Amino acid sequence: AQTVTQSQPEMSVQEAETVTLSCTYDTSESDYYLFWYKQPPSRQMILVIRQEAYKQQNATENRFSVNFQKAAKSFSLKISDSQLGDAAMYFCAYRSFEIQGAQKLVFGQGTRLTINP
Amino acid sequence: DGGITQSPKYLFRKEGQNVTLSCEQNLNHDAMYWYRQDPGQGLRLIYYSQIVNDFQKGDIAEGYSVSREKKESFPLTVTSAQKNPTAFYLCASRLGGSGYGYTFGSGTRLTVV
């Protein structure tokens, strides 16, 4: 079974600075998807960024980028120019590439990010 | 607008009672999922359904039951057998095939009093 580990329960950063959230995962599959979700105080889950494992290029969405290290099974999220609205719980998630089957998301424990003004 | 509606937002249950959480989607998504969220544990899968009239247990199904009589609806019943039901419950849906676009509801906070 796949597992996802986020070793940083809490992180804080000064507004406008850069912060990196860590995520490692364990799988025996060669093809899969990885995601970062944001959960603000409203508790609505918002997709931040996704990465297909077969793509070598790291995904980027505006101020959000990932460092995907497939051999090390590492998938960190970098937030540049942090804004107050980035304050939230961030979850790393894994999904198998298979077309059949549950295609369920497996989540890490989450990292609570605080932005200091 | 299409989306997932979870109701109620807050729910209180007395010990020994069953309670049902509602999840409705109008996205025409095939698959639906129920997750439980506890502090420090992330989201854990309770049940999922890929088609109508079929559902499968997730990682923590004990004390829960579901039904999928309609494509749009996937209600979750928390039974009295669930020893620690106080948690935040999230419903999600996904289009079939290889699609990775998951949509989440806004959740239900269940408290046992």
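Residues numbered from 1 in each chain as written. Chains lettered and ligands numbered in written order. Predicted model: local features only at pLDDT ≥ 70, side-chain atom pairs only at ≥ 80, totals over all residues. Heavy atoms only, no water.

Participant: Lay out the pairing of strand S5 (residues 42-51) of chain B with the relevant residues and their values.
Facilitator: Residues and elements named next belong to chain B. Judged by how many residues are buried, S5 sits mostly within the fold: seven of 10 residues are covered. Here seven bridges tie strand S4 (residues 31-38) to S5, and the two strands are oriented antiparallel to one another. Bridged to Gln 37 within S5 is Leu 43. Hairpin connection from S4 to S5: three residues lie between these consecutive antiparallel strands, with Gly 40 at a positive phi of about 80°. Note: S5 against strand S6 (residues 54-57), three bridges, orientation antiparallel. Bridge pairing in S6 places Tyr 48 opposite Gln 56. Linking S5 to S6, which pair antiparallel, is a turn of two residues; within it Asn 53 sits at a positive phi near 65°. (Buried < 20%, exposed > 50% of the residue type's maximum accessible area, 1.4 Å probe, protein only. Helix = DSSP H or I, 4+ residues; strand = E, 2+ residues; numbered from the N terminus. Pairing = 2+ DSSP bridges.)

Participant: Just give me the short version of the side chain of Ser 49 of chain B, but keep the residues and values in it.
Facilitator: Residue and element names in this part refer to chain B. By secondary structure assignment, the location of Ser 49 is in strand S5. Within the structure, the side chain of Ser 49 is placed 2.8 Å from the side chain of Arg 68, a separation counted as a polar contact. When neighbours within four sequence positions are excluded, Ser 49 is seen to be in contact with Asp 30, Ala 31, Met 32, Asp 54, Phe 55, Arg 68 and Phe 74. (Polar contact = N/O pair within 3.5 Å; in protein donor to acceptor, adjacent residues only side chain to side chain. Contact = heavy atoms within 4.5 Å.)

Participant: Please set out the environment of Ser 93 of chain B residue by residue, giving values where relevant.
Facilitator: All names here are of chain B. Tracing the sequence through the fold places Ser 93 in strand S9 (residues 87-94). Note: C-alpha distance between Ser 93 and Tyr 48 (45 residues apart in sequence) is 9.3 Å. Filtering out sequence-adjacent residues up to four positions away, Ser 93 remains in contact with Ile 4, Gln 25, Leu 27, His 29, Ala 31, Met 32, Gly 101, Tyr 102 and Thr 103. Of note is the side chain of Ser 93, whose polar atom sits 2.7 Å from the side chain of His 29.

Participant: Break down the state of the cysteines for me, with residues and values.
Facilitator: Going through the model one piece at a time under the given rule, you end up with two disulfides over all chains. A sulfur-sulfur separation of 2.0 Å characterises the disulfide bridge that pairs Cys 23 of chain A with Cys 92 of chain A. Between Cys 23 of chain A and Cys 92 of chain A, the disulfide has an S-S torsion of -70° and is therefore left-handed. Remark: Cys 92 of chain A occurs in strand S10 (residues 88-96) and Cys 23 of chain A occurs in the loop between strand S3 (19-21) and strand S4 (24-26); sequence separation between them is 69 residues. Residue class for Cys 23 of chain A comes out buried when judged on its relative accessible area of 1%. Sulfur-sulfur distance for the disulfide between Cys 23 of chain B and Cys 91 of chain B comes to 1.9 Å. Judged by the sign of its S-S torsion, about -75°, the cystine formed by Cys 23 of chain B and Cys 91 of chain B is left-handed. With Cys 23 of chain B in strand S3 (residues 19-25) and Cys 91 of chain B in strand S9, the pair connects residues that are 68 residues apart, well separated along the chain. A relative accessible area of 0% places Cys 91 of chain B in the buried class. (Disulfide = S-S within 2.5 Å.)

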